[in-house]
Amino acid sequence: MLQCVNNKTIMSKEKEVKEYFVRKGLKLECVICKSHLFWTRTTLMNTTGMSIMGLDWANKHATNYVCDSCGYVHWFLDK
Ligand SMILES: [Zn+2]
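Every value quoted in this text rests on a predicted model; they were computed, and no experiment measured them.

A. Structural detail: the pairing of strand β7 (residues 73–77). Counting buried residues along β7, only 0 of its 5 residues qualify, which leaves the element largely exposed. Where strand β6 (residues 61–67) meets β7, 5 bridges bridge the pair, whose relative direction is antiparallel. Bridge pairing links N64 to W75 in β7.

B. Examining unusual backbone geometry more closely. Residue K34 is not a glycine yet carries a positive backbone phi of 70 degrees. Summarising the element assignment, K34 is placed in the loop between β4 (26–27) and β5 (38–44). Among the residues examined, K34 registers 10 C-beta atoms within 10 Å and is labelled exposed.

C. Representation of the pairing of β6 in the model. Bridging between β5 and β6 involves 7 bridges; their strand directions are antiparallel. Among the inter-strand pairings, R41 is bridged to a residue of β6, identified as N64. If you look at the hairpin formed by β6 and β7, you'll find 5 residues sitting between the two strands, and G71 has a positive phi there, around 90 degrees.

Procedures and definitions
Residues numbered from 1 in each chain as written. Predicted model: local features only at pLDDT ≥ 70, side-chain atom pairs only at ≥ 80, totals over all residues. Buried ≥ 20, exposed ≤ 12 C-beta atoms within 10 Å, placed from the backbone. Helix = DSSP H or I, 4+ residues; strand = E, 2+ residues; numbered from the N terminus. Pairing = 2+ DSSP bridges.

Okay, structure coming up:
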């Protein structure tokens, strides 16, 4: 199923799909389908609505780990 090209696991042209670790020894696993393959994107959570509501804690970047198998998005706030 996986193709290994230039030492990178490629399953799509525009995104890199690979395994990630939440912290040392803790591999990110999809809570839905238990897959270990994700691609990432970064979302700026500083929205006008959140600022008006006083949710300053939300004015951060979040890293989204998207399960390549089922598409479930796992959100992690940058510390
Ligand atoms: Zn999944």
